[in-house]
Amino acid sequence: MSSISQLPPRARRAAAQQIGARIHRSRLEAGLTQAELGAPYSKSYVSAVEHGRCLPSLPVLWLFAARLGIDVGSLVHGVNPFGTQE
C-alpha cells in the first residue's frame, strides 16, 4: 500500500481537490475535452479527478501533463497532503 493511500481522508480529499482544480483549469486553457485528455480512461474518471473525488496515480498525472503540454510538477507543486514543511 502506498503512503498516499494511508493518509487521513481529509488530507487525501484536499490534495485531490487542489490537483483536480489545476487539471480542470489547464484542460480548459488547452481547449481539450475530458475524453481527449483522458483516453484511454473514461470521461467519468477525468470528471472525478477534476472534481477532487479521486487522486490520480503518477502515471495518470504524467499522461495528463503531456497532453496538456505542461510539466507534471505544475500539477502538484505546493500540494503537500502530509502537512510537513517542504
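The structure we're discussing is the one just above.
Summarised in this report is the structure supplied together with it. (Residues numbered from 1 in each chain as written. Predicted model: local features only at pLDDT ≥ 70, side-chain atom pairs only at ≥ 80, totals over all residues. Heavy atoms only, no water.)

This next bit is on the pattern of salt bridges. Pairing between side chains of opposite charge can happen when the charged atoms of each approach one another. In the structure shown here, the tally under the stated rule is one salt bridge. For E50, the salt bridge identified is with R27, shortest N-O distance 2.5 Å. Of this pair, E50 sits in helix 3 (residues 43–50) while R27 sits in helix 1 (residues 9–30), and the two are 23 residues apart along the sequence. On the basis of relative accessibility, which here comes to 8%, the residue R27 falls in the buried class. (Salt bridge = Lys/Arg side-chain N within 4 Å of Asp/Glu carboxyl O. Helix = DSSP H or I, 4+ residues; strand = E, 2+ residues; numbered from the N terminus. Buried < 20%, exposed > 50% of the residue type's maximum accessible area, 1.4 Å probe, protein only.)

What follows concerns the nonpolar core. Of all hydrophobic cores here, the largest spans 16 residues; its most connected members are I19, I23, L37, L55, L61, F64 and L75. Sorting the residues of this core by element identifies helix 1, helix 3, helix 4 (58–68) and helix 5 (72–76) as the ones contributing at least two each. Tallying contributions element by element places helix 4 first for this core, with five residues. L61 has contacts with I19, I23, P56, V72, L75 and V76, leaving out every residue within four places of it along the chain. (Core = buried A, V, L, I, M, F, W, Y, C linked by side-chain atoms within 4.5 Å. Contact = heavy atoms within 4.5 Å.)

Bringing helix 3 into the picture now. When helix 3 is considered as a whole, its buried residues turn out to be V46, S47, A48, V49 and E50. On its buried face, helix 3 is in contact with helix 1, helix 2 (34–38) and helix 4. Following helix 3 by one or two positions, G52 has its phi on the positive side, about 75°.

These values are about where atoms sit, not about what they do.
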